[in-house]
Amino acid sequence: MVIVIDNITLLRLENGGLDDVKNILKNFIEQHKQAFAFPELNLDDRRKKLWTLLFSHLDKPSSAICHKECLACVRILSREKTDLDDLCCEKWMNILLYHAGLVPQEQAMLMTNQPFDNFDVVLEAMKCLCNLVFNCEHARKLCGHNHAIEAIMMRLRTYRDPLLPHEIKFFDMRMLFVMTAFQPDIRPRLKEELHGLTYLMEILDLIIKDASEEEDRPQNSTPVLVDNQVQLASEVLKVLFNLTCKPGVPDEEEDAQLLRLESILKELLLCDTDPPSNKEQLQSHVVNLLTTMPGRCHQELMAPLTKDVSKEAEFEGYNMEAMAVLVTFLNTRLDQNPVVQSLQERLSPIVTVLLECAINHRLLRKYLRWRILPPLRDVHTRPEEGTTLRNKLCRLLTSPVTNVRDLVAELLFVLCKESVSRMIKYTGYGNAAGQFANRGLLAQHQSCQPHGQYSSDSDSETDEYSMYKHGINPVVGCYEPPRPDPTAHMTEEQKEYEAMQLVNMMDKLHRQGIINPCRIGEDGRPEPVSHIMELQEELPRQQVGGGARTDDVD
C-alpha cells in the first residue's frame, strides 16, 4: 500500500483510531526508509501539519502504542533540513528528551525505581535528537541550554548496567560529539562543571576491562574489542578530542587527568579488534586525540619492561609496544591509496604525534630514529627511492601538500638532532632544501634555535657508508661513480663560450618570468636576484658541500 501524505492522510492521522495511525506510519516508514527529501510536504503546509500531529501523539500517554512509529517518522523527516529551524521548538525537544530517558535530575531521582523498559522507544528518540542537533542550529541551541547534556552525563554513570543496550550508549556519545563539535561554548561546562574527562575516561576503562575479562580469552593475551566496543570507544574518543583540542594551561588536577588519559590511550593502541579491519579505525581516533595531548604526557607511551614483553618491543630497558604500533600505523598510512583520504588527513595527525614524542622525550626520539633513520647501509640508492620508512618520508619532502611536507621535514630534522649535515646525509640536499630555506639554514654559518637539548655527538658510521663516503653526492644523497669530465676536450675559449650561452638562456627565462633565480641571503633564506650575473658574486660561499660535516651521530 502506497502512502501519500496528502490532506486525507493527515485527517486520518488526526482523527483515526490508533491502530489505523500505526499502520499508516508503518507504511510511511517502510516506503521512506532510504529517503532524505520529501518535496510533497512543501504543499499546503503539510510538513508542519505532519510534524504537529506526530508530536501530538508523542505527548499523549494514551498513544503509547504508536510512539515508536511516531519517533521513527520524526527520525526520517529530520534528515531533511527544510524548515527545521522553524519547526523545532522547546516543547517538542523536551518531548523527545523525555522519550529518550533524558530528564532533569530531580525527575530522574523520582524515576530511579521505575527504569525505562521500552528501549526501542528510547533508541528511536535518541536517533531523532542526533539528527536534529546535527541538521538544525536551533535544536542545538535548545539542547545547549536545557538539561540535555546534564541528563546524558547522569545516564553515563549507569553504563555498567548490563541491561542498558549498547546502541543507547552509542547515540548518547554521538549526541555529545555533535553538540561539542558545533557548540564550543558548552565544552568548558561539560569538562569542568560536569567532570566530563573523568566520566568519559571511565567508559574507556570499562570497555578495556570488559574486553580483558571475556570468558574464553586466554590468560595474559591481548584484549580484543568487538565491533560495538570499537564503535562506542571511537565516539568517546571523538568527544574527548573536542574537550581537549584547545587546551589552556592545565592545573595540577587536569594535568593528572591528561596523564591518566594518555595511559588509557596506550592501552587502546595495544588492543586487538574483531574483526581486525576495525583496528585502524580505533587507532586513527586514538592518534587524533594524541595530537591534543601536551608533549610531556607522551612519556606514558613507554613502560617498564616485564617478563612477557617480546624482544621486538624492548628498547634500552623499556617496553615500546605502543610506539611500535604508532610507527606501524604511520607505515600503513604511507602505503594507503591517496584516493581513500587526502594526504593531509591521512598523515598530519600521526606525523604530529611522532614529532611531539621526538621533541619532548629523548628515549622516544632515539627509538623513532632507530625505526625511521637506522644507520645507513644502502648508499647506492637515492633517499626517496625504495620501500623503507626513510624512503617513503623522503618522497614527501617534495610534496605539493605543504602542511604534510613541512611536518615530515620537521620530524626528520629533529630525528637528525637538528643537524644540517646529518639531514643532508639521510635525505639529500635536494630533498631537504625546502626545510633549510624555511628555517634559514641554507647558509653554512647559520644555525637555528633547537627544540631541545641533544646529547653530545658520537661517530656511528657504518662500514658501508665509510667505504663510499668519498663518492656520495650530497645533493642527491647517494653514491655516484666517477664520470668523465664533459668539458675535458674543450679549450678555455670553448668553455667560456658554453658558460655564456647558459647564462644568456637563464637570463632569457628570467626576463620572461618563467624562472626566478635566487641566492642565499644573510639570514640563510633564498632571496631573488635582479640579474643572473649576481649569482656569480658569492659563488664560493654558496657551495652546497663546502665544509659540510657528514658524520652520523646518535
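Coordinates for the structure precede this section.
Residues numbered from 1 in each chain as written. Predicted model: local features only at pLDDT ≥ 70, side-chain atom pairs only at ≥ 80, totals over all residues. Heavy atoms only, no water.

### Points about the overall build of the protein
What the protein contains, in helices and strands, is 25 helices and nine strands. Expressed as a percentage of its 554 residues, the buried residues of the protein come to 48%. Of the roughly 28100 Å² of accessible surface on the protein, 52% is carried by carbon and sulfur atoms. (Helix = DSSP H or I, 4+ residues; strand = E, 2+ residues; numbered from the N terminus. Buried < 20%, exposed > 50% of the residue type's maximum accessible area, 1.4 Å probe, protein only. Areas by Shrake-Rupley, 256 points an atom, 1.4 Å probe, with all protein chains shown as cover.)

### Some thoughts on the nonpolar core
Counting 159 residues, the largest nonpolar core has M173, M175, M323 and L326 as its most contacted members. Residues in contact with M323, not counting those within four places in the same chain, are L301, L354, C357, L364, Y367 and L368. (Core = buried A, V, L, I, M, F, W, Y, C linked by side-chain atoms within 4.5 Å. Contact = heavy atoms within 4.5 Å.)

### Quick notes on the pattern of salt bridges
Applying the stated criterion to the full structure yields 26 salt bridges. For R12, the salt bridge goes to D20, with nearest N and O atoms at 2.8 Å. Judged by its relative accessible area of 25%, D20 is partly exposed. One network of salt bridges, with partners in common, ties together R47, E80 and D83. (Salt bridge = Lys/Arg side-chain N within 4 Å of Asp/Glu carboxyl O.)

### Things to note about the environment of I520
Tracing the backbone through its elements, the reader meets I520 in strand β8 (residues 518-520). The exposure class of I520 is buried, given its relative accessible area of 13%. As a C-alpha pair, I520 and L442 span 78 residues in sequence and 6.6 Å in three-dimensional space.

### With respect to a nonpolar patch on the surface
Residues L509, I514 and I515 make up a contiguous nonpolar surface patch of roughly 240 Å² in combined accessible area. In this fold, L509 is placed in helix α25 (residues 492-511). Accessibility expressed as a relative area gives 33% for L509, which makes it partly exposed. (Patch = residues over 30% accessible without salt bridge, like charges linked within 9 Å, V, L, I, M, F, W, Y side chains within 5 Å.)

### Overview of the sheet that holds strand β4 (residues 314-315)
Read from one edge of the open sheet, three strands run β3-β5-β4, paired in antiparallel fashion. Edge positions in the open sheet fall to β3 (303-304) and β4, since each of these has one partner strand only. (Pairing = 2+ DSSP bridges.)

### Some details on the packing of helix α8 (residues 119-135) against helix α11 (residues 166-182)
Close contact between α8 and α11 brings their axes to 9 Å; oriented N to C, the two are set at 15°. On the basis of the axis angle, α8 is roughly parallel to α11. Pair α8 / α11 crosses with left-handed handedness. From α8, F119, V122, L123, M126, K127, L129, C130, V133 and F134 reach across to α11, where they touch E167, I168, F171, D172, R174, M175, V178, M179 and F182. Partitioned by chemical class, the residues of the contact of α8 with α11 number 14 nonpolar, no polar and four charged. (Axes fitted to C-alpha atoms, helices over the stretch in contact; angles between N-to-C directions. Parallel < 35°, antiparallel > 145°, perpendicular 65-115°, else oblique. Left-handed = near helix turned anticlockwise from the far one by under 90°. Nonpolar A, V, L, I, M, F, W, Y, C, P; charged D, E, K, R; others polar.)

### Quick notes on unusual backbone geometry
Of the consecutive residues D274 and P275, the connecting peptide bond is found in the cis state with omega at 10°. Relative to the elements of secondary structure, P275 occurs in the loop between β2 (272-274) and α16 (279-290).

### Digging into the packing of helix α18 (residues 343-360) against helix α21 (residues 402-415)
At a minimum axis separation of 9 Å, α18 and α21 run at an interaxial angle of 25°. Compared by their axis directions, α18 and α21 come out roughly parallel. By crossing handedness, the relation of α18 to α21 is classed as left-handed. Contacts between α18 and α21 involve L343, Q344, L347, S348, V351, T352, L354, L355, A358 and I359 from the first element and N403, V404, L407, V408, E410, L411, V414 and L415 from the second. Considered class by class, the residues forming the contact of α18 with α21 number 13 nonpolar, four polar and one charged.

### Comments concerning the environment of T332
Structurally, T332 can be placed in helix α17 (residues 321-335). Counting along the chain gives 52 residues from T332 to E280, while the straight-line C-alpha distance between them is 9.1 Å.

### Describing helix α15 (residues 252-269)
Each α-helix turn comprises 3.6 residues. Residues three or four places apart therefore point the same way. The end-to-end C-alpha separation of α15 is 26 Å, in line with the 26 Å expected for 18 residues at 1.5 Å each. Among the residues making up α15, those that are buried are E254, Q257, L258, L261, E262, S263, I264, L265, K266, L268 and L269. (Expected span 1.5 Å × (residues − 1).)

### Side note on the packing of aromatic side chains
Across all of its chains, the model carries eleven aromatic pairs by this definition. A connected cluster of aromatic rings, assembled from ring pairs, spans W51, F55 and W92. The aromatic ring of F182 is capped on one face by R140, whose charged end is 4.1 Å from the ring centroid. Over the face of the ring belonging to F177 we find K238, whose NZ or CZ atom lies 4.5 Å from the ring centre. (Phe/Tyr/Trp six-rings, centres within 6.5 Å; stacked < 30°, edge-to-face > 60°. Lys NZ or Arg CZ within 6 Å of the ring centre and 35° of its normal.)

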